[in-house]
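Architecture and fold: a report
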Amino acid sequence: MTSANRIALAASAALVVASEGSDPAEPGVPQANNIDISRADGAGIPFAPSVWVWCGPWEEGEVPEPTVHVLVGSQESRWEFRVVRRDVRIGEPLSFPNTFIWNEPKGADMFVHDPPNELSTQTANTTGAVIIEQLDCSPDGGIRFTVEAIVGSEFGDLPPVTVTGNFSSPWTGPPGM
């Protein structure tokens, strides 16, 4: 086996592992989840490798605002990212904290479920930003973003987490599709 074939095989294996639990819109479109979420003591938070990425309403049946959704993990431990499409300017940061009325979303929102802690970029002690580098809701499209933030707990007495890294994926559809 040539070294080029070994590299191609390794890349294919990495893609399969990275997209386990998802159904990418196009086989072979790279998916990279390089988001690191760490607790205050520096310990990384483990998440199941399941990844779902889709364009849809902010909240199905409740808030029709066109939104991009990313969900990584499982019901037990997960992170979620949502961004209102009309607020995206490619390459420009969307700052945290981001607060809004529940049915009038704006900007970007990230939620981390790390039992017993629940953390959100809507909390006052959150800082940082996300930069959307690519966003295309066409069937062959996808999203790419970089984030650097300290995300505060929704329970005031629990510590924040640090979120850093980048993410890219084609559309997979929401969970259950």
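A brief report on the enclosed structure follows. Keep in mind the model is a prediction, meaning the values are calculated, not measured. (Residues numbered from 1 in each chain as written. Predicted model: local features only at pLDDT ≥ 70, side-chain atom pairs only at ≥ 80, totals over all residues. Heavy atoms only, no water.)

To continue, consider the overall build of the protein chain. Within the protein chain, the secondary structure is distributed over one helix and ten strands. Each helix and strand of the protein chain, placed in order from N terminus to C terminus, yields the pattern α-β-β-β-β-β-β-β-β-β-β. Scored against the burial criterion, the 177 residues of the protein chain give a buried share of 40%. Partitioning the intrachain contacts of the protein chain with sequence separation of at least 6 by distance along the chain shows that 60% fall at a separation of at least 24. (Helix = DSSP H or I, 4+ residues; strand = E, 2+ residues; numbered from the N terminus. Buried < 20%, exposed > 50% of the residue type's maximum accessible area, 1.4 Å probe, protein only. Contact = heavy atoms within 4.5 Å.)

This part takes up the state of the cysteines. Under the defined criterion, the tally for this structure stands at one disulfide. Put simply, Cys55 and Cys137 are joined by a disulfide, and their sulfur atoms are 1.9 Å apart. Classification of the bridge connecting Cys55 and Cys137 rests on its S-S torsion, roughly -80°, and on that basis the disulfide is left-handed. Placement of the pair is Cys55 in strand S2 (residues 51-59) and Cys137 in the loop between strand S8 (127-135) and strand S9 (142-153), with a sequence separation of 82 residues. When its relative accessible area of 28% is taken as the criterion, Cys55 is described as partly exposed. (Disulfide = S-S within 2.5 Å.)

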